[in-house]
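Results of the structural survey
One-letter residues, chain by chain:
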Amino acid sequence: MRALHDGWTLHQVGGGLSRVPATVPGCVHTDLLAAGLIEDPYLDDNEDRLTWIGRADWEYETAFTWHDDGHERTDLVCEGLDTVATVELNGVLVATTANQHRSYRFPVRELLREGENTLRVRFASPVEYAEARRAELGDRPGSYEAPYQFIRKMACNFGWDWGPSVVTSGIWRPIGLHSWSGARIASVRPLVGGDGRVEAHVTVERAGDAPLTVTARVAGVVAEAVLAPGEREAVLRLRVPEPRRWWPRGYGAQDRYELTVGLSGQGAEDTWTRRIGFRDVRVDRTGEGFTVVVNDTPVFVRGVNWIPDDCFPARVTRDRLAERFGQATGANVNLLRVWGGGLYESEDFYDLADELGLMVWQDFPFACAAYPEEEPFATEVEAEARENVTRLAWRPSLVLWCGNNENLEGHADWGWQDTLGDRTWGAGFYHDLLPALVAELDPTRPYWPGSPYSGHPDLAPNDPARGTVHIWDVWNREDYTHYATYTPRFVAEFGFQGPPAHTTLRQAVSGELAPDAPLVLHHQKAHEGNAKLLRGLSGHLPAPHSFDDWHYLTQLNQARALTFGIERFRALAPHCAGTVVWQLNDCWPVTSWAAVDGAGRRKPLWYALRRLYADRLLSVQEGTVAVINDSPDPWSGELELRRLALTGQPLAKESVTVEVAPRSVTTLPLPDAVAAPKDPSAEVLSVRLGEHRTLQFFAEDIHLALPAAAYDTETTPVAGGLEVTVTARTLLRDLALFPDRLDPHSSVDDMLLTLLPGESATFHVTGSPDPAALVTRPVLRCVNG
């Protein structure tokens, strides 16, 4: 394809802004920002002064030269138009579109001129379009006032409880001309099985009626079909003997094979090549549970929810995705849930998932609202679903299609029925259209109507005893210890907030840094979010007396909350078959539930996740020790249990021989000698098995007799940064280093370590922070110092 990405300009239709250079792919906000016409919407409260952009009409224009290339056809290919677009070539209307989630191909050879040509794409206001559809079809309830369910566009562009409202427009994916003769491959839909079978469904577009030959090749196996004049579809079946299978990370290698489909005959010449993986996937519903099974092997899901990594997706490069995926795998994640308020992600996204063995749960893009099923949405939803199911059907990483996020729960439990009347709300999409399309186009993987969902439309959708559950009473109302009341089958959403890295917040806020400062609060989108952060500390950690205290303690509490929940749910395996934390990433600098903030910096939660999602984990719960072994090998040895004074003095000791089978959990009662402290405020339980240790305190931090922190430090220059060794003279509770406070490019390799007196920990710090400042408050912190 010949890209048409150069020479674009942008102007406001009927407005006062003059024409400015435009970047394609891109969007209005980033073009106006590059031209110096707006302030950065991610900084301070600039977002509030830019809402007019979503209510304006915009026009992109470019000129390009074209010369007859001898082909029979030339198409204008638009891989992504966001959203309400009118396309004109040389002053002639080519098409109108209204769906960000689709691509388009328009025949334009008859409109092209020898020499210079002019291409214009006009975008109508997406806000006004959505409001007009709402007025026509009748209002419907949703989690937010914005009419995001009345336009096929990334819903969170209208704002969310972690994201700004930056409703944009633009040519957000590549655009160009494709010339061809005879015929071309319109689509290839390989259905791939774990036993080596490939069923390649090939559709061609013709410029004539000559016979055509279609071939498919993989691993030395070849299949061929001849399309008679007028025929446009062929199915080629291949069988690779004894293939090496694709496995999720932690379960085996990610072997893939090149599949090539070729088309030839009377001037036609076209090729389609992808790297497929042989694997089977299903969801085991035994006992009304929800267990992902790959290659007949149950997989405990250690997942995270994924939101668009930028409010302006054209800025998300492959390198940026690779960094984010590296952070996911570094935290021992094995599944990304692509959340329904976002997008069908880019080819780079799924390429990386295939390569790294990260399973993908793909929501169809519907979230937190009642969606109209009338036109134009019925046609648009079917078209986008057909395209994207076909586009992704061959991906080995894709393990589940899910109809929506929280819309079934909203209809059942959020009072929607009180205002809906007899208006449609999306049920026909989730229970009829989408499952029928998946069954037709991609029968190799399961479909789930929504999340949360209990497995049948007549059941309460958010029942922990069935299917998938979202747990949000913790955070919204309940203390995180309330997780202990749940015995779920699969937790698809749960989380707790914490602020971003200090540097991330400082770079986004020009004014005072205080929890209640107006600009800090602007970067907190959750309802009563900061009040919930403080309430969450209550009963666990001391009240903060400064912004530095607030920042450290609320970040720590976020990690503590998820630690409590994940340990609880992992100990319930296989009854509980997975957890998907809300959320991995952020799209801008904000206080949120993310483990990685909007600038790509890892929050303390990320370090906690790395431990919590490790193959092997020890957890003390309600008078027991759970020995969790999600590795392929047995875990055996002497489980050493010691009750210690906070000074490190031994008070009692027991040992138990354990052998835990692969992919299993063994729960042991605590021996009496170590289970009951004489003084809960002054004792701690140490549990060790091999190189793994966990410490369990007998009281919350505010009730512990924690000593004033005393320690020695040694800082040593090394290649790429510094090594900082901290040696505890007293107990150090949740020791952390925040080197970004000194050098915005600096990071640390570990965090939230509790050291007993006499123990040492060495931290590896990148960048060039000041060595003396690195080992003093507020850069070096612990609960008791």
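Right above here is the structure, for reference.
Residues numbered from 1 in each chain as written. Predicted model: local features only at pLDDT ≥ 70, side-chain atom pairs only at ≥ 80, totals over all residues. Heavy atoms only, no water.

Below, the discussion takes up the overall build of the protein. The number of helices and strands found in the protein is 16 helices and 43 strands. Reported as C-alpha extents along the three principal axes, the dimensions of the protein are approximately 90 × 65 × 60 Å. Taking all 785 residues of the protein together, the buried fraction comes to 58%. Long-range pairs, those at least 24 residues apart, make up 69% of the contacts in the protein between residues at least 6 apart in sequence. Here the protein has roughly 28,500 Å² of accessible surface; of this, 48% comes from carbon and sulfur atoms. (Helix = DSSP H or I, 4+ residues; strand = E, 2+ residues; numbered from the N terminus. Buried < 20%, exposed > 50% of the residue type's maximum accessible area, 1.4 Å probe, protein only. Contact = heavy atoms within 4.5 Å. Areas by Shrake-Rupley, 256 points an atom, 1.4 Å probe, with all protein chains shown as cover.)

As a further point, take the packing of helix α12 (residues 529-537) against helix α13 (residues 547-571). Viewed as axis vectors pointing N to C, α12 and α13 meet at an angle of 75°, and their least axial separation amounts to 10 Å. Compared by their axis directions, α12 and α13 come out roughly perpendicular. Where α12 approaches α13, its residues N530, L533, L534, G536 and L537 are matched on the opposing element by W550, L553, T554 and N557. In terms of residue class, the contact of α12 with α13 is made up of 5 nonpolar, 4 polar and no charged. (Axes fitted to C-alpha atoms, helices over the stretch in contact; angles between N-to-C directions. Parallel < 35°, antiparallel > 145°, perpendicular 65-115°, else oblique. Nonpolar A, V, L, I, M, F, W, Y, C, P; charged D, E, K, R; others polar.)

What follows is about the sheet that holds strand β40 (residues 732-737). With respect to topology, 3 strands assemble into an open sheet ordered β41-β40-β43, the strand pairing being antiparallel. In this open sheet, the two edge strands, each paired with only one partner strand, are β41 (753-755) and β43 (780-781). Sheet topology places β40 next to β43; 2 bridges connect them, and they run antiparallel. Following the sheet pairing, L737 is matched in β43 by L780. Across the sheet, α13 lies against β40 and β43, angled at about 110° from β40, the strand it touches most. (Pairing = 2+ DSSP bridges.)

One full turn of an α-helix is made of 3.6 residues, so residues set three or four places apart face in the same direction. The end-to-end C-alpha distance of helix α5 (residues 377-392), which contains 16 residues, comes to 22 Å, matching closely the 22 Å that a straight helix rising 1.5 Å per residue would cover. Residues of α5 that are buried include every one of F377, E380, V381, E384, A385, N388, V389, T390, R391 and L392, and no others. Contacts from the buried residues of α5 go to β9 (104-107), α2 (126-137), β13 (183-192), α4 (347-356), β26 (398-402) and α8 (427-441). (Expected span 1.5 Å × (residues − 1).)

All right, on to the side chain of K153 then. Within the secondary structure, K153 is located in the loop between α2 and β11 (170-171). Only 2.8 Å separates the side chain of K153 from the side chain of N157, close enough to count as a polar contact. Within polar-contact distance, the side chain of K153 engages the backbone oxygen of T168 at 2.9 Å. Among residues more than four places away in sequence, those in contact with K153 are D82, T83, Q100, H101, P126, F158, V167 and T168. (Polar contact = N/O pair within 3.5 Å; in protein donor to acceptor, adjacent residues only side chain to side chain.)

The subject of this paragraph is the pairing of strand β7 (residues 84-89). Sheet topology note: the β7/strand β8 (residues 92-98) ladder contains 6 bridges and is antiparallel. Directly across from T86, in β8, lies its bridge partner T96. Taking the residues between adjacent antiparallel strands as the criterion, β7 and β8 are bridged by 2 residues, where N90 takes a positive phi near 55°. Sheet topology places β7 next to strand β10 (residues 115-123); 5 bridges connect them, and they run antiparallel. Of the residues in β10, the one forming a bridge with L89 is L119.

Turning our eyes to something else, we now look at the packing of α13 against helix α14 (residues 604-612). The geometry of α13 relative to α14 is characterised by a closest axis approach of 8 Å and an angle of 20° between their N-to-C directions. With respect to each other, α13 and α14 are oriented roughly parallel. Read as a crossing pair, α13 and α14 show a hand that is right-handed. Residue-level contacts link Q555, Q558, A559, L562, T563, I566, E567 and R570 of α13 to P604, L605, A608, L609, R611 and L612 of α14. Class assignment of the residues belonging to the contact of α13 with α14 gives a composition of 8 nonpolar, 3 polar and 3 charged. (Left-handed = near helix turned anticlockwise from the far one by under 90°.)

This next bit is on the sheet that holds strand β39 (residues 721-728). On the basis of which strands lie adjacent, the open sheet formed by 3 strands has the order β38-β39-β42 and antiparallel pairing. Where the open sheet ends on each side, the last strands, each with one partner, are β38 (711-718) and β42 (760-766). Direction aside, the axes of adjacent strands within the sheet are offset by 20° on average. Pairing between β38 and β39: 8 bridges, direction antiparallel. Along β39, the bridge assignment pairs D712 with T727.

Before going further, it helps to spend a moment on α2. Between its first and last C-alpha atoms α2 spans 16 Å; for 12 residues at 1.5 Å apiece the expected length is 16 Å, and the two agree. Those residues of α2 not exposed but buried are P126, V127, Y129, A130, R133 and L137. Buried residues of α2, seen end-on, are gathered within an arc of 165° and therefore sit on one face of the element. Elements that come into contact with the buried residues of α2 comprise β7, β8 and α5. (Arc of directions from axis to C-beta.)

The omega torsion of the bond from E375 to P376 falls at 5°, within 30 degrees of zero and hence cis. Counting through the fold element by element, P376 comes out in the loop between β25 (359-363) and α5. The omega torsion of the bond from W582 to Q583 falls at 10°, within 30 degrees of zero and hence cis. Phi is positive for D296, which is not a glycine, with a value near 65°. Tracing the chain through its elements places D296 in the loop between β21 (291-294) and β22 (297-299).

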